[in-house]
Amino acid sequence: MINQHRSASKSTTRFGHAAVTELGWWRAHRFLILRRLSQLSVLSLFAIGYFFRFMAF
Amino acid sequence: MPLATFLGLWLFKGNLSSSLLLDTIPLSDPLATLQVLMSGHWPELSLLLGAVIVVGIYALLGGRVFCSWVCPVNIITDLASWTRRRLSLPRTSEIPQNLRYYMLALVLILPILTGFTVWEWLNPVPIVYRALLFGAGSGLWILAVIFLLDTFVVERAWCSHLCPTGALFSLIGKVSPVKVAAVRADACDNCMDCFTVCPERQVLKPVLKKGSTQPFILNSDCTLCGRCIDVCAPRVFQYKNRFNSKYSNRIPLKVESKL
Ligand code: SF4
Ligand code: SF4
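Residues numbered from 1 in each chain as written. Chains lettered and ligands numbered in written order. Predicted model: local features only at pLDDT ≥ 70, side-chain atom pairs only at ≥ 80, totals over all residues. Heavy atoms only, no water.

Here we come to helix H6 (residues 99-114) of chain B. Residue and element names in this part refer to chain B. Helix length check: H6 (16 residues) gives 22 Å between terminal C-alpha atoms against 22 Å at 1.5 Å per residue, within 8%. Arg100, Leu104, Val107, Leu108 and Pro111 are the residues of H6 that are buried. The buried residues of H6 occupy an angular sector of 85 degrees when the element is viewed end-on, so they sit on one face. With respect to the buried face of H6, the exposed residues turned more than 90 degrees away are Tyr102, Ile112 and Leu113. Elements that come into contact with the buried residues of H6 comprise helix H2 (30-38), helix H7 (119-122), helix H10 (157-162) and helix H11 (164-172). Gly115 occupies a position one or two residues after H6 and carries a positive phi of about 80 degrees. (Helix = DSSP H or I, 4+ residues; strand = E, 2+ residues; numbered from the N terminus. Expected span 1.5 Å × (residues − 1). Buried < 20%, exposed > 50% of the residue type's maximum accessible area, 1.4 Å probe, protein only. Arc of directions from axis to C-beta. Contact = heavy atoms within 4.5 Å.)

Attention shifts here to the packing of aromatic side chains. All names here are of chain B. Evaluated as defined, the whole model comprises six aromatic pairs over all chains. Each ring, one from Phe66 and one from Phe169, has its centre 4.5 Å from the other, and the planes form 10 degrees; the classification is stacked. Of this pair, Phe66 sits in helix H4 (residues 65-69) while Phe169 sits in helix H11, and the two are 103 residues apart along the sequence. Ring geometry for Trp119 against Trp158: centres 6.3 Å apart, planes inclined by 20 degrees, an arrangement best described as stacked. Residue Trp119 is found in helix H7, and its partner Trp158 is found in helix H10; the two are separated by 39 residues along the sequence. There is no split in this pair, since Trp119 and Trp158 are both buried. (Phe/Tyr/Trp six-rings, centres within 6.5 Å; stacked < 30°, edge-to-face > 60°.)

Bringing the domain arrangement of chain B into the picture now. Quite often, the size of an interface is put as the accessible area lost when its parts meet. All names here are of chain B. The assigned domain composition of chain B is domain 1 (5-61), domain 2 (65-171) and domain 3 (178-241). Each of domain 2 and domain 3 has a C-alpha centre, and the two are 24 Å apart. Each partner contributes residues to the interface: domain 2 has 17 residues there, and domain 3 has 14 residues. Our count for the contact surface shared by domain 2 and domain 3 stands at four salt bridges. In this structure, the salt-bridge partner of Arg100 is Glu200, at a minimum N-O distance of 3.0 Å. (Domains from an automatic or database assignment. Salt bridge = Lys/Arg side-chain N within 4 Å of Asp/Glu carboxyl O.)

All names here are of chain B. Take Leu48: it is sitting in helix H3 (residues 45-61). Leu48 sits twelve residues away from Val36 along the chain, and the two C-alpha atoms are 9.8 Å apart. Other than its neighbours up to four places away in sequence, Leu48 contacts Thr33, Leu37, Trp42 and Pro43.

Below, the discussion takes up the site of ligand 2. Taken together, the neighbourhood of ligand 2 is formed by 13 residues, with Cys198, Cys222, Thr223, Cys225 and Cys228 of chain B sitting nearest. Taken together, the residues of the shell around ligand 2 break down into ten nonpolar, two polar and one charged. (Near = heavy atom within 4 Å. Nonpolar A, V, L, I, M, F, W, Y, C, P; charged D, E, K, R; others polar.)

One finds Tyr58, Trp158, Leu208, Ile217 and Phe237 of chain B to be the most contacted residues of the largest nonpolar core, which totals 54 residues. With residues near it in sequence (within four places) discarded, Ile217 of chain B still touches Lys179, Val180, Val203, Leu204, Val207, Cys222 and Phe237 of chain B. (Core = buried A, V, L, I, M, F, W, Y, C linked by side-chain atoms within 4.5 Å.)

Here we come to the site of ligand 1. As a structural note, the neighbourhood of ligand 1 is formed by Arg64, Phe66, Cys67, Cys71, Val73, Asn74, Trp158, Cys159, Cys163, Thr165 and Gly166 of chain B. Those elements that provide at least two residues to the shell around ligand 1 are H4, helix H5 (73-86), H10 and H11 of chain B.

Let us now look at the pattern of salt bridges. Within the structure shown, the criterion is met by eleven salt bridges over all chains. Between Arg64 of chain B and Glu200 of chain B there is a salt bridge, with the nearest N and O atoms lying 2.7 Å from each other. Linking Arg64 of chain B in the loop between H3 and H4 with Glu200 of chain B in the loop between helix H12 (193-197) and helix H13 (205-208), this pair joins segments that are 136 residues apart in sequence. Given a relative accessible area of 1%, Glu200 of chain B falls into the buried group. In this structure, a network of salt bridges that share partners links the residues Arg35 and Arg36 of chain A together with Asp78, Arg156 and Arg227 of chain B.

Right, let's get into the confidence of the model for chain A. In this model, chain A carries an average pLDDT of 70, and 60% of its residues clear a pLDDT of 70 or more. When the criterion is pLDDT under 50, residues 1-12 of chain A qualifies, and its contacts beyond four places in sequence or with other chains add up to 14 contacts. (pLDDT = per-residue confidence, 0-100.)

Looking now at unusual backbone geometry. Residues and elements named next belong to chain B. In this model, Asn190 sits at a positive phi of 60 degrees, which is unusual for a non-glycine residue. As for its placement among the helices and strands, Asn190 is situated in the loop between strand S4 (178-182) and H12. For Met192, which is not glycine, the phi dihedral falls at a positive 70 degrees. In this fold, Met192 is placed in the loop between S4 and H12.

Quick look at the structure:
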């Protein structure tokens, strides 16, 4: 199983394909998705903070 | 108390340069605070305290965790790298990685000379916030320049070579316990995918090169983005505490690495 990804030829498959085949889509994109969620959450927390500040004062 | 204030209490107030969490805990951008100090003005206590708190948080979590997990500019520069990969653009010539430390020095010297926090007008990090929160489009050209620079001139030019905020967080990260470790470096099959995807590829060499006994990516330029973990089919990398002695010793790597 560990060597399964070797069979995927780099030149014919998309970049990162070996990881998707071996680990599955979620595990091959886990930190990317979590990072985007984190970045967007911080952004929206500030946005909501502003929104309510305008509402309240 | 109106519902809005009640809810507002739970949220950030302010922006990435200076804000209040839960209406009580100050958070401020250490670089902005340093600039205020350099300009000769004594900042408000809450700004200083906020910077100390933020430095503490990132010293614990890993300095450039800010870059890959918080900074909105990172989304733009990642898009640029993705575009480069999709268009199969050739590698560009390297500019020195330590240019960002000269940028940091410059950003801190300018307030001494001018008395103003000059960089805050150009800093793309708060510009994204201003643009999104107030619809202030005045600095958006800087973001466009960064995208075009990263995509067509020098790959990863901004975040990996120039940004002084990234440089400061890299310095903060030197003491952090959280690191990415090549826990299964012996399973590496030299596919070079991590090297392709990593925004700071120079940090990968010490843990993957032949004869390496160091599993931890100690170079604090590593943004702890986890891309190398995601992209690696043989599961070489993991987030680890570098003070956990279980991983601190390993037999020298025998694989002949192309790195
Ligand atoms: S290097 Fe600068 S612009 Fe890039 S992610 Fe880090 S702080 Fe943001
Ligand atoms: S070594 Fe891994 S975690 Fe660090 S910057 Fe490169 S891809 Fe991201």
